[in-house]
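Summary of the model geometry
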Amino acid sequence: MPSSFDHAATTYDHDFTHTDLGRWLRGRVWERLTRLFPSGSFVLELGCGTGEDAVWLAQQGVRVLATDASPVMLEQTQAKAHAAGVEVETALLDLNALPAEFAYQFDGVYSNFGPLNCTRDWAGLARFLHPRLTPQARLGFGVMSPFCLWETLWHGVHLDFKTATRRWKRHTTATLPDGATFPVYYPSPRQLASALAPYFQQTAILGLGVFLPPSDSFGVIEKRPRLARRLMAFEQRWAARWPFRTWADHYWMELTWQPNIST
Ligand SMILES: C[S@@+](CC[C@H](N)C(=O)[O-])C[C@H]1O[C@@H](n2cnc3c(N)ncnc32)[C@H](O)[C@@H]1O
């Protein structure tokens, strides 16, 4: 079935993945993925997009089943894996229609840059994942935050209070370039961790894009490389610290599998 992200699939890498800031932020996630998933492990990706993380993990010796609700995103992932000379398995998986049959056993699961914001049934996702993960499984999720310091300040200063506060009600309707709309939810780290409990326990959290603008405003600092470098240094130093770690465009949450839970 076509997805509202099919159209975005062809421009996503140009608009985000291949920008300097997009690359830098993804590098921060790759540092975390390296620690979570050793070579030889088998991991599930939710909302893989064009497969940038899946291909990189495959190059590190990790076996990945990359899933997405958009068939065109999965085609992009396969093409990217083919061009890189690595194997990435792909499957359609809609977070809002999780299948009863999904016979895999993974060593971990991750989702980067917002797919978990496209559902609000995080408890249902936890119930789906728990029996499909090994007891040592680690999880890493990059989730759009309900409070983004940069977005609030930038749009507030420009007197665009609607955009400055758009995430605060925790639910918006996003519009893609082709005009397709879809609901977006912004769980706080506390809300997400509590929905995923008791199946999983939070072990770490850090901000992704506290001092750097969200992707729709990347241009503001991409024209100013010295400023960009300074902000990246700031981000490197402070984005994992309280209170900044939850004031970001995205937060990165890590969790571990919890035993003794009947599903
Ligand atoms: C912002 S992109 C992130 C892509 C990729 N993870 C990355 O790091 O570049 C969001 C992705 O979530 C996918 N998505 C949206 N709704 C979804 C759903 N209900 N189930 C699964 N994937 C979904 C989209 O098709 C898109 O590929």
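Residues numbered from 1 in each chain as written. Predicted model: local features only at pLDDT ≥ 70, side-chain atom pairs only at ≥ 80, totals over all residues. Heavy atoms only, no water.

Notes on the nonpolar core
By size, the foremost hydrophobic cluster in this structure holds 40 residues, and its most contacted members are Leu33, Phe37, Leu57, Val64, Tyr110, Leu212 and Ile221. Of all the elements in the fold, those that place two or more residues in this core are α2 (20-36), α3 (52-59), β2 (63-68), α4 (71-84), α6 (149-157), β8 (200-208), α9 (219-222) and α10 (225-238). Among the elements that take part in this core, α2 stands out by supplying six residues, more than any other. Those residues in contact with leucine 33 that sit more than four places away from it in its chain are Asp53, Trp56, Leu57, Tyr110 and Trp252. In terms of nonpolar packing, the next biggest core, distinct from the first, is built from 34 residues, Leu65, Leu116, Leu139 and Ile261 among them. (Core = buried A, V, L, I, M, F, W, Y, C linked by side-chain atoms within 4.5 Å. Buried < 20%, exposed > 50% of the residue type's maximum accessible area, 1.4 Å probe, protein only. Helix = DSSP H or I, 4+ residues; strand = E, 2+ residues; numbered from the N terminus. Contact = heavy atoms within 4.5 Å.)

Some thoughts on the sheet that holds strand β5 (residues 133-144)
Strand order in the open sheet formed by seven strands is β3-β2-β1-β4-β5-β9-β8, and the pairing between neighbours is mixed. Strands with a single pairing partner mark the edges of an open sheet, and in this sheet they are β3 (89-92) and β8. The sheet shows a mean angle of 20° between the axes of neighbouring strands, taken without regard to direction. Pairing analysis gives five bridges linking strand β4 (residues 106-111) to β5, with the strands arranged parallel. Across the sheet, valine 109 pairs through a bridge with leucine 139, a residue of β5. (Pairing = 2+ DSSP bridges. Axes fitted to C-alpha atoms, helices over the stretch in contact; angles between N-to-C directions.)

Comments concerning the packing of aromatic side chains
What the rule picks out here adds up to 19 aromatic pairs. Seen from their ring centres, phenylalanine 211 and phenylalanine 234 are 5.0 Å apart, and the 80° between their planes marks the pair as edge-to-face. Residue phenylalanine 211 is located in the loop between β8 and α9, and its partner phenylalanine 234 is located in helix α10; the two are separated by 23 residues in the primary sequence. Look at phenylalanine 211 and you get buried, because its relative accessible area is 11%. Here phenylalanine 234 falls in the partly exposed class, since its relative accessible area comes to 45%. Of the aromatic side chains, those joined through ring pairs into one cluster are Phe147, Trp168, Phe211, Phe234, Trp238, Phe244 and Trp247. Sitting over the ring of phenylalanine 42, arginine 63 keeps its end group 3.7 Å from the ring centre. In this structure, arginine 241 packs its charged tip against the face of tryptophan 238, placed 4.7 Å from the ring centre. (Phe/Tyr/Trp six-rings, centres within 6.5 Å; stacked < 30°, edge-to-face > 60°. Lys NZ or Arg CZ within 6 Å of the ring centre and 35° of its normal.)

Just distances and angles here, no functional claims.
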